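Structure assessment
Listed below are the residues making up each chain.
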Amino acid sequence: MGEKIINIGIVGAGNRGIRCYGLYLMKEKRNSVRIMGISDPDRKRLEFGKKVLNLDDSSVFDDTEKMLSVLPLDAVIITSPDYTHKKIAISAFKKGIDVLCEKPLALTVKDCDDIIREQKKSGKILCVGFVLRYNNFYKKMHEIVNVEKKIGRIIMAGAMDSVSTGSQYFFHGWWRLRKNSGGLLVQKATHSIDILNWVINSRATRVYGEGGLSVFGGNKSNTKRCSSCEIKNTCPEALLENNVQWDYGEGNIKMEIEDKCVFAKEIDVYDHEVLTIAYENGVKAFFVESQFTPDYKREFWFIGDKGRMYGIDPYIVSNKDERKPYIEIVYRHTREKEIIPVKLRPGGHGGGDPGLIEDFLSCCLTRKNPLADGVAGRESIAICAGGEKSIETGKIIKLR
Ligand SMILES: NC(=O)c1ccc[n+]([C@@H]2O[C@H](COP(=O)([O-])OP(=O)(O)OC[C@H]3O[C@@H](n4cnc5c(N)ncnc54)[C@H](O)[C@@H]3O)[C@@H](O)[C@H]2O)c1
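Residues numbered from 1 in each chain as written. Predicted model: local features only at pLDDT ≥ 70, side-chain atom pairs only at ≥ 80, totals over all residues.

With that settled, the discussion passes to the domain arrangement of the protein. Looking at the assigned domains, one finds that the protein contains domain 1 (6-130 + 354-364) and domain 2 (133-219 + 266-350 + 380-398). Of note, the centres of domain 1 and domain 2, computed from C-alpha atoms alone, are 27 Å apart. Contacts between the two partners involve 17 residues from domain 1, matched on the other side by 18 residues from domain 2. Secondary structure elements with two or more residues in the side of domain 1 that touches domain 2: helix 5 (109-122) and helix 9 (352-366). (Domains from an automatic or database assignment. Contact = placed C-beta atoms within 7 Å. Helix = DSSP H or I, 4+ residues; strand = E, 2+ residues; numbered from the N terminus.)

Written as C-alpha coordinates, this is what we have:
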(Lines give C-alpha, C1' and ligand atoms only; values in the text may rest on other atoms or scores of the structure.)
Protein backbone atom coordinates (compact mmCIF):
# COMPACT_ATOMS: atom_id res chain seq x y z
CA MET A 1 0.00 0.00 0.00
CA GLY A 2 2.99 2.36 -0.14
CA GLU A 3 4.58 4.39 2.64
CA LYS A 4 2.11 7.23 2.92
CA ILE A 5 0.49 7.73 6.31
CA ILE A 6 -3.21 8.61 6.10
CA ASN A 7 -4.27 11.27 8.61
CA ILE A 8 -7.74 10.40 9.85
CA GLY A 9 -10.38 12.14 11.95
CA ILE A 10 -13.28 10.27 13.53
CA VAL A 11 -16.65 12.01 13.85
CA GLY A 12 -18.73 10.51 16.68
CA ALA A 13 -17.03 8.89 19.67
CA GLY A 14 -19.58 6.11 20.02
CA ASN A 15 -19.89 2.42 19.34
CA ARG A 16 -18.85 2.52 15.67
CA GLY A 17 -16.43 5.42 15.95
CA ILE A 18 -14.39 4.16 18.88
CA ARG A 19 -15.19 0.49 19.54
CA CYS A 20 -15.14 -0.47 15.85
CA TYR A 21 -13.09 1.88 13.62
CA GLY A 22 -10.92 3.61 16.22
CA LEU A 23 -9.74 0.45 17.92
CA TYR A 24 -9.16 -1.36 14.65
CA LEU A 25 -7.09 1.47 13.17
CA MET A 26 -5.10 1.86 16.37
CA LYS A 27 -4.27 -1.83 16.62
CA GLU A 28 -4.09 -3.05 13.04
CA LYS A 29 -3.17 -0.03 10.93
CA ARG A 30 -0.71 1.86 13.07
CA ASN A 31 1.89 1.84 10.29
CA SER A 32 -0.38 3.34 7.66
CA VAL A 33 -2.86 5.49 9.61
CA ARG A 34 -2.58 8.26 12.19
CA ILE A 35 -5.73 9.05 14.17
CA MET A 36 -5.43 12.84 14.33
CA GLY A 37 -8.59 13.57 16.28
CA ILE A 38 -12.12 12.73 17.32
CA SER A 39 -15.21 14.93 17.56
CA ASP A 40 -18.38 14.53 19.59
CA PRO A 41 -20.65 17.10 21.29
CA ASP A 42 -21.02 14.75 24.25
CA ARG A 43 -18.17 15.35 26.75
CA LYS A 44 -18.46 11.89 28.32
CA ARG A 45 -18.12 10.21 24.93
CA LEU A 46 -15.11 12.41 24.09
CA GLU A 47 -13.42 11.37 27.33
CA PHE A 48 -14.19 7.72 26.57
CA GLY A 49 -12.73 8.02 23.06
CA LYS A 50 -9.70 9.94 24.24
CA LYS A 51 -8.89 7.26 26.81
CA VAL A 52 -9.45 4.24 24.55
CA LEU A 53 -7.49 5.71 21.64
CA ASN A 54 -4.80 7.21 23.82
CA LEU A 55 -5.20 10.76 22.48
CA ASP A 56 -4.23 14.08 24.03
CA ASP A 57 -6.43 17.11 24.70
CA SER A 58 -5.50 18.84 21.43
CA SER A 59 -7.01 15.91 19.48
CA VAL A 60 -10.52 16.00 20.92
CA PHE A 61 -13.19 18.39 19.66
CA ASP A 62 -16.74 19.04 20.83
CA ASP A 63 -17.35 20.78 17.49
CA THR A 64 -16.98 18.70 14.31
CA GLU A 65 -16.63 21.75 12.03
CA LYS A 66 -13.69 22.91 14.11
CA MET A 67 -11.97 19.53 13.87
CA LEU A 68 -12.41 19.48 10.09
CA SER A 69 -10.98 23.00 9.81
CA VAL A 70 -8.11 22.79 12.30
CA LEU A 71 -6.58 19.37 11.64
CA PRO A 72 -4.64 18.48 8.47
CA LEU A 73 -6.91 15.55 7.60
CA ASP A 74 -6.66 13.31 4.55
CA ALA A 75 -9.79 11.39 5.48
CA VAL A 76 -12.68 11.40 7.89
CA ILE A 77 -14.85 8.57 9.21
CA ILE A 78 -18.39 9.77 9.96
CA THR A 79 -20.03 7.74 12.72
CA SER A 80 -22.37 10.33 14.20
CA PRO A 81 -26.17 9.74 14.16
CA ASP A 82 -27.77 9.35 10.74
CA TYR A 83 -29.39 12.81 10.52
CA THR A 84 -25.97 14.50 10.86
CA HIS A 85 -24.24 12.67 7.97
CA LYS A 86 -25.20 15.03 5.13
CA LYS A 87 -23.90 18.28 6.64
CA ILE A 88 -20.63 16.70 7.83
CA ALA A 89 -19.93 14.83 4.57
CA ILE A 90 -20.53 17.96 2.47
CA SER A 91 -18.34 20.03 4.74
CA ALA A 92 -15.53 17.44 4.50
CA PHE A 93 -15.68 17.41 0.68
CA LYS A 94 -15.57 21.22 0.59
CA LYS A 95 -12.36 20.98 2.62
CA GLY A 96 -10.85 18.37 0.27
CA ILE A 97 -11.14 15.40 2.67
CA ASP A 98 -11.94 11.77 1.67
CA VAL A 99 -15.03 10.39 3.43
CA LEU A 100 -16.06 7.04 4.88
CA CYS A 101 -19.66 7.69 5.90
CA GLU A 102 -21.61 5.20 7.96
CA LYS A 103 -24.88 3.90 6.59
CA PRO A 104 -27.43 5.29 5.96
CA LEU A 105 -25.61 7.76 3.70
CA ALA A 106 -28.45 10.23 4.46
CA LEU A 107 -32.15 10.16 5.30
CA THR A 108 -33.52 11.16 1.88
CA VAL A 109 -32.61 10.66 -1.78
CA LYS A 110 -32.22 14.41 -2.19
CA ASP A 111 -29.70 14.54 0.63
CA CYS A 112 -27.79 11.59 -0.87
CA ASP A 113 -27.74 13.39 -4.24
CA ASP A 114 -26.48 16.58 -2.58
CA ILE A 115 -23.63 14.62 -0.97
CA ILE A 116 -22.73 12.85 -4.23
CA ARG A 117 -22.78 16.15 -6.17
CA GLU A 118 -20.35 17.71 -3.69
CA GLN A 119 -18.16 14.61 -3.76
CA LYS A 120 -17.93 14.74 -7.56
CA LYS A 121 -17.02 18.44 -7.44
CA SER A 122 -14.25 17.71 -4.94
CA GLY A 123 -12.85 14.60 -6.68
CA LYS A 124 -12.63 12.94 -3.25
CA ILE A 125 -13.44 9.36 -2.21
CA LEU A 126 -16.86 8.48 -0.79
CA CYS A 127 -17.28 5.08 0.82
CA VAL A 128 -20.52 4.07 2.58
CA GLY A 129 -20.62 1.70 5.60
CA PHE A 130 -22.11 -1.27 3.71
CA VAL A 131 -19.95 -3.76 5.58
CA LEU A 132 -21.92 -6.77 4.30
CA ARG A 133 -20.47 -6.31 0.81
CA TYR A 134 -17.09 -7.21 2.34
CA ASN A 135 -18.33 -10.32 4.21
CA ASN A 136 -17.54 -13.62 2.41
CA PHE A 137 -21.14 -14.87 2.62
CA TYR A 138 -22.58 -11.90 0.70
CA LYS A 139 -19.57 -11.79 -1.65
CA LYS A 140 -20.18 -15.44 -2.53
CA MET A 141 -23.89 -14.88 -3.26
CA HIS A 142 -22.94 -12.01 -5.55
CA GLU A 143 -20.36 -14.15 -7.32
CA ILE A 144 -22.70 -17.14 -7.80
CA VAL A 145 -25.31 -14.95 -9.50
CA ASN A 146 -23.16 -12.47 -11.40
CA VAL A 147 -19.90 -14.28 -12.18
CA GLU A 148 -20.62 -18.03 -12.08
CA LYS A 149 -24.23 -17.44 -13.22
CA LYS A 150 -25.21 -20.76 -11.67
CA ILE A 151 -28.94 -20.04 -11.40
CA GLY A 152 -29.29 -18.36 -14.78
CA ARG A 153 -31.22 -15.17 -15.36
CA ILE A 154 -32.64 -13.80 -12.09
CA ILE A 155 -36.40 -13.26 -12.19
CA MET A 156 -37.44 -13.06 -8.52
CA ALA A 157 -35.67 -12.32 -5.25
CA GLY A 158 -36.33 -11.67 -1.60
CA ALA A 159 -34.73 -10.94 1.74
CA MET A 160 -35.83 -11.28 5.32
CA ASP A 161 -34.14 -9.48 8.20
CA SER A 162 -34.99 -11.03 11.54
CA VAL A 163 -33.53 -8.49 13.91
CA SER A 164 -33.61 -9.08 17.63
CA THR A 165 -32.05 -5.73 18.48
CA GLY A 166 -35.37 -3.95 19.20
CA SER A 167 -34.87 -4.02 22.92
CA GLN A 168 -31.08 -4.29 22.85
CA TYR A 169 -30.61 -0.72 21.66
CA PHE A 170 -32.92 0.38 18.83
CA PHE A 171 -35.99 1.51 20.81
CA HIS A 172 -33.89 2.59 23.82
CA GLY A 173 -31.89 5.29 22.02
CA TRP A 174 -31.80 7.94 19.29
CA TRP A 175 -32.75 5.41 16.58
CA ARG A 176 -36.37 5.41 17.80
CA LEU A 177 -37.16 8.84 16.36
CA ARG A 178 -37.76 9.24 12.64
CA LYS A 179 -36.09 12.67 12.62
CA ASN A 180 -32.84 11.04 13.78
CA SER A 181 -32.80 7.79 11.81
CA GLY A 182 -35.33 8.08 8.98
CA GLY A 183 -37.19 4.99 10.24
CA LEU A 184 -36.49 1.27 10.43
CA LEU A 185 -36.02 0.76 6.68
CA VAL A 186 -33.65 3.70 6.21
CA GLN A 187 -31.71 2.96 9.38
CA LYS A 188 -31.49 -0.81 9.41
CA ALA A 189 -32.83 -2.40 6.20
CA THR A 190 -30.52 -0.26 4.08
CA HIS A 191 -27.88 -3.04 4.49
CA SER A 192 -29.98 -5.93 3.12
CA ILE A 193 -31.65 -3.75 0.49
CA ASP A 194 -28.15 -2.86 -0.72
CA ILE A 195 -27.34 -6.58 -0.98
CA LEU A 196 -30.51 -7.13 -3.05
CA ASN A 197 -29.53 -4.22 -5.33
CA TRP A 198 -25.96 -5.49 -5.66
CA VAL A 199 -26.82 -9.12 -6.44
CA ILE A 200 -29.82 -8.25 -8.68
CA ASN A 201 -27.47 -5.77 -10.37
CA SER A 202 -30.13 -3.27 -11.32
CA ARG A 203 -31.91 -0.13 -10.07
CA ALA A 204 -35.34 -0.15 -8.47
CA THR A 205 -38.22 1.56 -10.26
CA ARG A 206 -41.12 1.14 -7.79
CA VAL A 207 -41.70 0.20 -4.17
CA TYR A 208 -44.80 -0.59 -2.15
CA GLY A 209 -44.83 -1.17 1.61
CA GLU A 210 -46.88 -2.14 4.63
CA GLY A 211 -45.72 -1.76 8.22
CA GLY A 212 -46.56 -0.86 11.78
CA LEU A 213 -45.50 -0.41 15.38
CA SER A 214 -46.99 -3.31 17.32
CA VAL A 215 -44.57 -4.45 20.04
CA PHE A 216 -42.65 -1.30 20.97
CA GLY A 217 -43.94 2.25 21.55
CA GLY A 218 -46.88 3.08 23.83
CA ASN A 219 -47.82 5.66 26.43
CA LYS A 220 -44.90 5.73 28.87
CA SER A 221 -43.04 8.94 29.63
CA ASN A 222 -40.33 9.91 27.13
CA THR A 223 -37.84 10.43 29.95
CA LYS A 224 -38.39 7.07 31.69
CA ARG A 225 -35.12 5.09 31.93
CA CYS A 226 -34.48 1.39 32.55
CA SER A 227 -31.77 2.01 35.16
CA SER A 228 -34.18 3.84 37.48
CA CYS A 229 -37.41 2.00 36.56
CA GLU A 230 -39.43 0.31 39.29
CA ILE A 231 -39.92 -2.86 37.17
CA LYS A 232 -36.38 -3.07 35.80
CA ASN A 233 -35.81 -6.52 37.29
CA THR A 234 -38.91 -8.06 35.75
CA CYS A 235 -39.31 -6.16 32.46
CA PRO A 236 -37.98 -8.39 29.66
CA GLU A 237 -37.13 -5.33 27.55
CA ALA A 238 -35.03 -3.60 30.25
CA LEU A 239 -31.56 -2.58 29.09
CA LEU A 240 -29.30 -2.84 32.11
CA GLU A 241 -25.56 -2.59 32.41
CA ASN A 242 -25.19 -6.36 32.71
CA ASN A 243 -27.26 -7.28 29.64
CA VAL A 244 -25.93 -4.97 26.93
CA GLN A 245 -25.05 -7.13 23.93
CA TRP A 246 -22.20 -5.73 21.86
CA ASP A 247 -22.27 -6.82 18.22
CA TYR A 248 -18.58 -6.13 17.63
CA GLY A 249 -15.53 -4.47 19.12
CA GLU A 250 -13.68 -5.70 22.16
CA GLY A 251 -15.95 -7.05 24.87
CA ASN A 252 -13.95 -5.54 27.70
CA ILE A 253 -14.30 -2.00 26.34
CA LYS A 254 -17.66 -0.86 27.64
CA MET A 255 -19.48 2.38 27.07
CA GLU A 256 -22.56 4.03 28.60
CA ILE A 257 -25.54 3.75 26.26
CA GLU A 258 -29.06 5.19 26.23
CA ASP A 259 -31.56 3.15 28.23
CA LYS A 260 -34.85 4.97 27.58
CA CYS A 261 -38.09 2.97 27.96
CA VAL A 262 -39.06 1.12 24.75
CA PHE A 263 -42.75 1.82 25.49
CA ALA A 264 -42.40 5.62 25.33
CA LYS A 265 -44.95 7.90 23.64
CA GLU A 266 -42.41 9.61 21.40
CA ILE A 267 -41.43 6.46 19.46
CA ASP A 268 -42.49 7.06 15.85
CA VAL A 269 -40.55 4.47 13.80
CA TYR A 270 -42.12 1.15 12.79
CA ASP A 271 -41.02 -2.17 14.29
CA HIS A 272 -42.03 -4.34 11.30
CA GLU A 273 -42.18 -3.67 7.59
CA VAL A 274 -42.86 -5.54 4.33
CA LEU A 275 -41.94 -4.31 0.85
CA THR A 276 -42.37 -5.31 -2.76
CA ILE A 277 -39.83 -3.83 -5.15
CA ALA A 278 -39.70 -3.74 -8.97
CA TYR A 279 -36.38 -3.38 -10.81
CA GLU A 280 -35.38 -1.95 -14.22
CA ASN A 281 -34.18 -5.39 -15.37
CA GLY A 282 -37.60 -6.93 -14.65
CA VAL A 283 -36.74 -8.58 -11.31
CA LYS A 284 -39.48 -8.50 -8.67
CA ALA A 285 -38.34 -8.65 -5.05
CA PHE A 286 -39.79 -8.74 -1.55
CA PHE A 287 -38.30 -7.58 1.71
CA VAL A 288 -39.50 -8.38 5.24
CA GLU A 289 -38.08 -7.01 8.48
CA SER A 290 -39.02 -7.21 12.14
CA GLN A 291 -37.33 -5.87 15.26
CA PHE A 292 -38.90 -8.32 17.72
CA THR A 293 -37.80 -11.73 16.51
CA PRO A 294 -35.90 -13.91 19.01
CA ASP A 295 -33.11 -14.41 16.48
CA TYR A 296 -30.85 -12.07 14.53
CA LYS A 297 -30.29 -13.40 11.02
CA ARG A 298 -30.45 -12.37 7.40
CA GLU A 299 -31.92 -14.65 4.73
CA PHE A 300 -31.97 -14.23 0.96
CA TRP A 301 -33.75 -15.95 -1.93
CA PHE A 302 -32.82 -15.55 -5.59
CA ILE A 303 -34.82 -17.42 -8.22
CA GLY A 304 -33.43 -17.69 -11.73
CA ASP A 305 -34.48 -19.61 -14.83
CA LYS A 306 -31.93 -22.37 -14.04
CA GLY A 307 -32.30 -22.70 -10.31
CA ARG A 308 -33.02 -21.26 -6.90
CA MET A 309 -30.49 -19.97 -4.38
CA TYR A 310 -31.14 -19.55 -0.65
CA GLY A 311 -28.59 -18.09 1.75
CA ILE A 312 -28.66 -17.63 5.50
CA ASP A 313 -26.39 -15.54 7.71
CA PRO A 314 -27.42 -16.73 11.20
CA TYR A 315 -25.82 -14.33 13.64
CA ILE A 316 -27.99 -15.09 16.69
CA VAL A 317 -30.25 -18.15 16.43
CA SER A 318 -32.01 -20.65 18.70
CA ASN A 319 -29.89 -23.00 20.81
CA LYS A 320 -30.49 -25.86 18.41
CA ASP A 321 -29.59 -24.06 15.18
CA GLU A 322 -26.22 -23.94 13.43
CA ARG A 323 -24.50 -20.57 13.60
CA LYS A 324 -22.59 -20.98 10.35
CA PRO A 325 -23.69 -19.17 7.19
CA TYR A 326 -24.31 -21.28 4.11
CA ILE A 327 -25.74 -21.02 0.63
CA GLU A 328 -27.98 -23.66 -0.92
CA ILE A 329 -28.62 -23.97 -4.64
CA VAL A 330 -31.24 -26.30 -6.16
CA TYR A 331 -31.02 -26.70 -9.94
CA ARG A 332 -34.36 -26.60 -11.76
CA HIS A 333 -34.07 -29.39 -14.29
CA THR A 334 -32.13 -31.95 -12.21
CA ARG A 335 -33.39 -31.04 -8.70
CA GLU A 336 -29.80 -31.52 -7.64
CA LYS A 337 -28.91 -29.67 -4.44
CA GLU A 338 -25.57 -28.01 -3.80
CA ILE A 339 -24.61 -26.67 -0.36
CA ILE A 340 -21.89 -24.06 -0.34
CA PRO A 341 -20.41 -23.47 3.14
CA VAL A 342 -18.86 -20.07 3.72
CA LYS A 343 -15.88 -19.31 5.90
CA LEU A 344 -15.97 -15.85 7.42
CA ARG A 345 -12.84 -13.89 8.20
CA PRO A 346 -12.43 -12.58 11.77
CA GLY A 347 -13.73 -9.14 12.75
CA GLY A 348 -17.12 -7.45 13.19
CA HIS A 349 -19.95 -8.22 10.74
CA GLY A 350 -18.33 -11.51 9.73
CA GLY A 351 -15.16 -9.76 8.62
CA GLY A 352 -17.11 -7.00 6.87
CA ASP A 353 -15.82 -4.28 9.22
CA PRO A 354 -12.10 -4.82 8.53
CA GLY A 355 -12.88 -5.45 4.83
CA LEU A 356 -14.65 -2.10 4.51
CA ILE A 357 -11.89 -0.15 6.24
CA GLU A 358 -9.20 -1.83 4.14
CA ASP A 359 -11.05 -0.95 0.92
CA PHE A 360 -11.49 2.66 2.05
CA LEU A 361 -7.82 3.07 3.01
CA SER A 362 -6.71 1.45 -0.21
CA CYS A 363 -8.98 3.78 -2.25
CA CYS A 364 -7.56 6.81 -0.40
CA LEU A 365 -4.16 5.82 -1.78
CA THR A 366 -5.06 4.48 -5.24
CA ARG A 367 -7.95 6.94 -5.87
CA LYS A 368 -10.13 4.05 -7.08
CA ASN A 369 -13.88 3.93 -6.40
CA PRO A 370 -14.73 1.80 -3.34
CA LEU A 371 -16.96 -1.27 -3.70
CA ALA A 372 -19.51 0.37 -1.37
CA ASP A 373 -19.72 3.78 -3.00
CA GLY A 374 -22.07 6.74 -2.79
CA VAL A 375 -24.29 5.50 -5.61
CA ALA A 376 -24.87 2.24 -3.70
CA GLY A 377 -25.76 4.33 -0.64
CA ARG A 378 -28.18 6.43 -2.70
CA GLU A 379 -29.90 3.53 -4.48
CA SER A 380 -30.55 1.74 -1.20
CA ILE A 381 -32.02 4.89 0.37
CA ALA A 382 -34.26 5.37 -2.69
CA ILE A 383 -35.98 2.06 -1.84
CA CYS A 384 -35.91 2.47 1.94
CA ALA A 385 -37.15 6.07 2.07
CA GLY A 386 -39.64 5.25 -0.71
CA GLY A 387 -40.82 2.26 1.32
CA GLU A 388 -41.36 4.42 4.41
CA LYS A 389 -43.36 6.89 2.30
CA SER A 390 -45.42 4.09 0.79
CA ILE A 391 -46.34 2.71 4.22
CA GLU A 392 -47.33 6.20 5.34
CA THR A 393 -49.46 7.04 2.28
CA GLY A 394 -50.68 3.60 1.16
CA LYS A 395 -49.40 4.41 -2.35
CA ILE A 396 -46.95 2.75 -4.72
CA ILE A 397 -43.89 5.03 -4.89
CA LYS A 398 -42.20 5.52 -8.27
CA LEU A 399 -38.45 5.83 -7.87
CA ARG A 400 -37.51 6.98 -11.38
N1 LIG B 1 -22.27 -0.33 9.28
C2 LIG B 1 -22.90 -0.86 10.28
O3 LIG B 1 -23.11 -2.07 10.31
C4 LIG B 1 -23.37 -0.03 11.44
C5 LIG B 1 -23.64 -0.60 12.68
C6 LIG B 1 -24.08 0.25 13.71
C7 LIG B 1 -24.24 1.60 13.49
N8 LIG B 1 -23.97 2.10 12.26
C9 LIG B 1 -24.11 3.55 11.99
O10 LIG B 1 -23.03 4.22 12.64
C11 LIG B 1 -23.46 5.50 13.11
C12 LIG B 1 -23.19 5.58 14.61
O13 LIG B 1 -23.85 4.54 15.28
P14 LIG B 1 -23.40 4.10 16.73
O15 LIG B 1 -24.05 2.81 17.00
O16 LIG B 1 -21.91 4.21 16.87
O17 LIG B 1 -24.12 5.25 17.60
P18 LIG B 1 -23.64 5.87 18.97
O19 LIG B 1 -24.83 6.55 19.54
O20 LIG B 1 -22.94 4.83 19.80
O21 LIG B 1 -22.54 6.96 18.54
C22 LIG B 1 -22.85 8.15 17.89
C23 LIG B 1 -22.03 9.28 18.53
O24 LIG B 1 -22.14 10.45 17.72
C25 LIG B 1 -22.18 11.58 18.60
N26 LIG B 1 -22.69 12.76 17.87
C27 LIG B 1 -23.95 13.27 17.83
N28 LIG B 1 -23.98 14.36 17.02
C29 LIG B 1 -22.72 14.54 16.54
C30 LIG B 1 -22.10 15.50 15.70
N31 LIG B 1 -22.81 16.48 15.10
N32 LIG B 1 -20.76 15.40 15.45
C33 LIG B 1 -20.04 14.41 16.02
N34 LIG B 1 -20.57 13.47 16.85
C35 LIG B 1 -21.90 13.53 17.10
C36 LIG B 1 -23.03 11.09 19.75
O37 LIG B 1 -22.84 11.89 20.90
C38 LIG B 1 -22.52 9.67 19.92
O39 LIG B 1 -21.45 9.59 20.85
C40 LIG B 1 -24.93 5.61 12.74
O41 LIG B 1 -25.06 6.30 11.52
C42 LIG B 1 -25.37 4.17 12.55
O43 LIG B 1 -26.44 4.02 11.64
C44 LIG B 1 -23.53 1.33 11.25
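Time to look at the sheet that holds strand 4 (residues 75-78). Spatially, six strands are ordered 3-2-1-4-5-6 in an open sheet, and the strand pairing comes out parallel. What marks the edges here is a single partner per strand, and that holds for strand 3 (60-61) and strand 6 (126-128). Relative to strand 5 (residues 98-101), helix 4 (residues 85-94) is tilted by about 165 degrees, and along the sheet it contacts strand 1 (6-11), strand 4 and strand 5. (Pairing = 2+ DSSP bridges. Axes fitted to C-alpha atoms, helices over the stretch in contact; angles between N-to-C directions.)

Side-chain alternation along strand 5 places D98 and L100 on one buried face and V99 and C101 on a second face that is also buried. Pairing geometry for strand 4 and strand 5, over four bridges, is parallel. Considered in strand 5, the bridge of I77 is made with L100. The handedness of the strand 4 to strand 5 crossover, carried by helix 4, is right-handed. Pairing geometry for strand 5 and strand 6, over three bridges, is parallel. Across the sheet, the residue bridging to L100 is C127, located in strand 6. In this region the chain leaves strand 5, passes through helix 5 and returns to the parallel neighbour strand 6; the handedness of that crossover is right-handed. (Buried ≥ 20, exposed ≤ 12 C-beta atoms within 10 Å, placed from the backbone. Right-handed = clockwise from strand over helix to strand, strands pointing away.)

Below, the discussion takes up unusual backbone geometry. In this model, K103 is joined to P104 through a cis peptide bond whose omega is -10 degrees. When you line up the elements, P104 lands in the loop between strand 5 and helix 5. For N201, which is not a glycine, the phi torsion comes out positive at approximately 60 degrees. A residue is classified by how many C-beta atoms lie within 10 Å of it, and N201, with 13 of them, is partly exposed. Of note in the backbone geometry, H349 takes a positive phi value of approximately 55 degrees without being a glycine. H349 sits in the buried class, given 23 other C-beta atoms within 10 Å.

Below, the discussion takes up the site of the ligand. G12, G14, R16, S80 and E102 are the nearest of the 24 residues found near the ligand. Here the shell around the ligand gets three residues from one element, more than from any other, and that element is helix 1 (residues 15-28). A breakdown of the residues in the shell around the ligand according to their chemical character gives five nonpolar, twelve polar and seven charged. (Near = placed C-beta within 6 Å. Nonpolar A, V, L, I, M, F, W, Y, C, P; charged D, E, K, R; others polar.)

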